[in-house]
Amino acid sequence: MPNILEQIIEGVREDLADRRAAVPPREITARLADTEPALNVREALAGGRDDEDGVKIIAEVKRKSPSKGSLSGIPDPARLARSYAISGASVISVLTERRRFSGSLEDLDAVRRAVSIPVLRKDFMVDEYQFHEARAHGADLVLLIVAALDDYQLRDYLSLTRELGMDALVEAHTEAEIHRAVDAGVGIVGINTRNLKTLEVNPAHYDDMAAHLPDDAVRVAESGVDGPGMVRSYAQQGADAVLVREALVKHGDPEAAVREYRRYSSAKEGL
């Protein structure tokens, strides 16, 4: 029986076939000529663990979660993204997967028009078309999930991402996945403390996995952030950036929440 990740990817491929039929690859490629160059994501995220102002925040526009259901209607994703940016987020993550997360490329478009900081297209990238699609819609960064790709795909998609001028946040959960990512030449690594096969979260998993990363990798802690205390914990464990998901979406004042997270994110504070 397929695990949760496999089930999600099956739906992603079906939806992708519909989009490809509606907008052929040649049309997507043509759109790239009118797209502004991608922003420098590595520069936006690097050095967080040594920054006196604390680790960087990747703030997410996320409507729904497979594990928690509906999170927020988000009637105006552009307004939410502007709130994140104004309060100090370094990158905005936008869910574009439709079936399990109720995301869309329209959300990505709205956010891209609203902010001048880097934007991550967060989806399950399993086909070259999606990378051209991401860049055509203004993404500066795409997500690559090691568990969803073989070694050839991982290298090939990293190369394609760079050819298109973007960066990749390469997400790993196990020691073996981290070694695969490092061998592929990854620069930005996300350690997901949520097991994508079971959806269970273990924040302590970050420290165990980060020990296997090279010093020059940009380190992003993912999942388990339910408040500023967890941001502080990841900062103290050497993260450069923290991806904050539903905790911000569900907060009554997302702008204040990001400011609070930034204030608490200094690894040096309180030690």
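Model, not experiment: these values are computed from the prediction. (Residues numbered from 1 in each chain as written. Predicted model: local features only at pLDDT ≥ 70, side-chain atom pairs only at ≥ 80, totals over all residues. Heavy atoms only, no water.)

S.K.: Help me out: how do you make sense of empty space enclosed by the protein in this one?
M.R.: Picture a little ball the size of a water molecule; that probe, rolled over the atoms, points out where space is still empty. Applying the stated criterion across every chain, the model contains three cavities of 30 Å³ or more. Together, 20 residues line the largest cavity, and Phe-101, Lys-122, Phe-124, Leu-196 and Arg-245 are the ones closest to its centre. By residue number, the principal contributor to the lining of the largest cavity is helix α1 (residues 4-22), which donates three residues. For the lining of the largest cavity, a count of residues per class yields 11 nonpolar, three polar and six charged. In this model, the second largest cavity occupies a volume close to 40 Å³. If you go around the second largest cavity, the residues you meet are Ile-145, Ala-147, Glu-171, Ala-172, His-173, Glu-177, Asn-192, Arg-194 and Leu-196. (1 Å grid on protein atoms, 1.4 Å probe; cavity = no way out; pocket = protein on both sides within 12 Å on 5 of 7 lines; lining within 4 Å. Points joined across faces, edges and corners; volume = space filled by probe spheres on them. Helix = DSSP H or I, 4+ residues; strand = E, 2+ residues; numbered from the N terminus. Nonpolar A, V, L, I, M, F, W, Y, C, P; charged D, E, K, R; others polar.)

S.K.: Help me out: how do you make sense of the pattern of salt bridges in this one?
M.R.: Where side chains of opposite charge bring their charged atoms close, a pairing between them can arise. Taken as a whole and judged by the stated rule, the model has 14 salt bridges. One salt bridge in this structure joins Lys-122 and Glu-60, with 3.1 Å as the shortest N-O distance. Of this pair, Lys-122 sits in strand β5 (residues 119-122) while Glu-60 sits in strand β1 (residues 56-61), and the two are 62 residues apart along the sequence. Of the two residues, Lys-122 and Glu-60, neither departs from the other in class, the shared state being buried. Residue Asp-151 pairs with Arg-180 through a salt bridge whose shortest N-O separation is 2.6 Å. Of the two residues, Asp-151 sits in helix α7 (residues 151-163) while Arg-180 sits in helix α8 (residues 175-183), which places them 29 residues apart along the sequence. Given the relative accessible area of 44%, Asp-151 is considered partly exposed. With a relative accessible area of 23%, Arg-180 lands in the partly exposed category. (Salt bridge = Lys/Arg side-chain N within 4 Å of Asp/Glu carboxyl O. Buried < 20%, exposed > 50% of the residue type's maximum accessible area, 1.4 Å probe, protein only.)

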